[in-house]
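Structure assessment
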Amino acid sequence: MTQAPTPTADTVRRLVRSLLKDGGDGTGGPEVRPVSEDREYTWWIGDRYVLRLSPDREASVRRRRELRLRDLVRPHLPVAVPAGVAHGDWAPGLAYTLDTRLPGGTADAYDVSAVGEADLAGLLGGLRAVPVRQAEAQGVPRTAPRSLEALRRMAVHAAQRLAEADEFDAARLHQLTPAVAAQLAAQAGTAVLTHHGLTGAHVLVSADGRVRGILDWTAATVGDPAEDIAGLALAVGSPAAVRAATLAGYGARPCLRGLWLARCDTVLRLTGRLQGRTDGSLPLLRIQLGRVWEPILLERVTDLQEDGTEL
């Protein structure tokens, strides 16, 4: 794979000046800065725009597909989706998109209100309403559901490592037995369009707790709706995620499946980070672990049978 050049402020400024007559800030000289130190391919352009540069050709394919997908999903959603101002190549074969900046802060900074949970319900319901064939026609891939039992087995071992580091009570995973994991297997014929990348950084929330927008659709797939429920558990906590999914019309099975996907994932991610095998912010990973392990009412009222009885 060809190594992408590292973008600099001068590279970004020249590109933006060629796209926006006044540079985007009314002075002819746009203020440009990386969104964060570890995101050198995503830049704020003044207060109005965000420039995303693809680091390789695979990311470029996803970025170009995202432009088409956003136009497809926008009429179905009650929350905003970024609007493109310009797109093209910033280096040979490497795509960029210049988008308007949506208002609000991330869900990592603001709590979602009850009305915001209704916004999230509208997001989940809107994604389910998008015709799958139309999404696939735009190049969105179809992915098979993950095995919750395989994930459970890995998480059990990882939880022991966290317990030894005094990070987690490994006994909490005992609730997810092999029989329960089998009950919560994905059902055939339930695939929908999923964002597949819902995290706190991609959910924009206003100070009053309303959800104002959803960012970064490059990982979207046709697949298991529980993956987006799991993503929301990471972003806003398990109770809010399950309430939103229930409002969207999802029953106990996909809600609990999403909850346990998120719980196993966070255990594995924190373990990998502590062992130096993966990157990521330790404080954020610990916060996400706490969010997904928040107790939910559904667990108290749903009898998870050991004998394989249907939920």
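Residues numbered from 1 in each chain as written. Predicted model: local features only at pLDDT ≥ 70, side-chain atom pairs only at ≥ 80, totals over all residues. Heavy atoms only, no water.

1. Some details on the overall build of the protein
Here is the rule: Helix and strand assignments follow DSSP, with helices taken as H or I runs no shorter than four residues and strands as E runs no shorter than two, numbered in order from the N terminus. In this treatment the radius of gyration is a C-alpha quantity, and the globule benchmark scales as 2.2 Å times the residue count to the 0.38 power. The classification of residues rests on relative accessible area computed with a 1.4 Å probe and restricted to protein chains. Under 20% of the type maximum is buried, over 50% is exposed, and intermediate values are partly exposed. Residue contacts are counted whenever heavy atoms from the two residues lie within 4.5 Å of one another. We score Asp and Glu as negative and Lys and Arg as positive, and we do not count His or the chain ends. A charged residue contributes its charge at one atom only: NZ of Lys, CZ of Arg, CG of Asp or CD of Glu.
A tally of helices and strands in the protein yields 11 helices and 10 strands. The C-alpha radius of gyration computed for the protein amounts to 20 Å, which stays within 12% of the reference 19 Å derived for 311 residues, consistent with globular compactness. Viewed in the frame of its principal axes, the protein has a C-alpha envelope of about 65 × 40 × 40 Å. Of all 311 residues assigned to the protein, the portion counted as buried reaches 49%. Partitioning the contacts of the protein with sequence separation of at least 6, the portion at a separation of at least 24 is 73%. For the protein, the distance from the average position of its 37 positive side-chain charges to the average position of its 37 negative side-chain charges is 5 Å.

2. Observations regarding the pattern of salt bridges
Selection criterion: Think of a salt bridge as a Lys or Arg side-chain nitrogen and an Asp or Glu carboxyl oxygen that are within 4 Å of each other.
Scanning the model with the defined rule gives 22 salt bridges in all. Residue R146 is joined to E227 by a salt bridge in which the shortest nitrogen-to-oxygen separation is 2.9 Å. Taken together, the residues R146 in the loop between α4 (132–137) and α5 (148–164) and E227 in helix α7 (residues 226–236) connect sequence positions 81 residues apart. A residue is classified by how much of its surface remains accessible, and E227, at 13% relative accessible area, is buried. By sharing partners, the salt bridges in this structure join R52, R63, E66, R70, D99 and D216 into a single network.

3. Regarding the layout of surface pockets
Note the threshold: A 1.4 Å probe that fits into a set of points on a 1 Å grid over the protein atoms alone but cannot get out defines a cavity; an open set with protein on both sides within 12 Å along at least five of seven lines defines a pocket, and lining residues are those with an atom within 4 Å of a point. Grid points are joined across faces, edges and corners, and a volume is the space filled by probe spheres set on the points. Nonpolar residues are Ala, Val, Leu, Ile, Met, Phe, Trp, Tyr, Cys and Pro. Charged residues are Asp, Glu, Lys and Arg, and all others, Gly as well, are polar.
Taken as a whole, the largest pocket holds about 800 Å³ of empty space. As for the largest pocket, its lining consists of 28 residues, and the residues nearest its centre are R39, T42, R52, H202 and D216. Among the secondary structure elements, those contributing two or more residues to the lining of the largest pocket are β2 (42–45), β3 (49–53), α2 (57–73), β5 (94–100) and β6 (105–106). The residue inventory of the lining of the largest pocket, partitioned by class, reads 12 nonpolar, seven polar and nine charged. In this structure, the second largest pocket spans a volume of roughly 510 Å³. Lining of the second largest pocket is provided by 23 residues; of these, L198, T199, L234, R269 and Q288 occupy positions nearest its centre. When residues in the lining of the second largest pocket are grouped by element, the largest group, five residues, is from α7.

4. As for the packing of helix α3 (residues 114–129) against α7
Here is the rule we go by: Axis definition: a line fitted to C-alpha atoms, limited for helices to the stretch in contact. Angles are taken between N-to-C directions and run from 0 to 180 degrees. In what follows, roughly perpendicular refers to angles from 65 to 115 degrees, roughly parallel to angles under 35, roughly antiparallel to angles over 145, and oblique to any angle outside these ranges. In this scheme the crossing of two helices becomes right-handed for a clockwise turn of the near helix relative to the far one and left-handed for an anticlockwise turn of less than a right angle.
Between α3 and α7, whose axes approach to 12 Å, the crossing angle comes to 160°. Taken together, α3 and α7 sit at an angle that is classed as roughly antiparallel. Of the two elements, α3 crosses α7, and the hand of that crossing is right-handed. On α7, the residues that touch L120, L124 and L127 of α3 are D228, I229, L232 and V236. Of the residues assigned to the contact of α3 with α7, the class counts are six nonpolar, no polar and one charged.

5. Structural notes on the packing of aromatic side chains
The test is simple: Aromatic rings from Phe, Tyr and Trp, taking only the six-membered ring of Trp, are treated as a pair when their centres fall within 6.5 Å; an angle between ring planes under 30 degrees marks them as stacked, one over 60 as edge-to-face, and anything in between as tilted. Over a ring means this: the NZ of a Lys or the CZ of an Arg is within 6 Å of the ring centre and within 35 degrees of the ring normal.
Tallied over the full model, the rule gives three aromatic pairs. A ring pair is formed by W260 and W293, whose centres lie 5.5 Å apart and whose planes are at 85°; its orientation type is edge-to-face. Here W260, found in helix α9 (residues 252–274), pairs with W293, found in the loop between α10 (282–292) and α11 (297–301); they are 33 residues apart in sequence, far enough to count as distant. Sitting above the plane of the W44 ring, R101 keeps its charged end 3.6 Å from the centroid.

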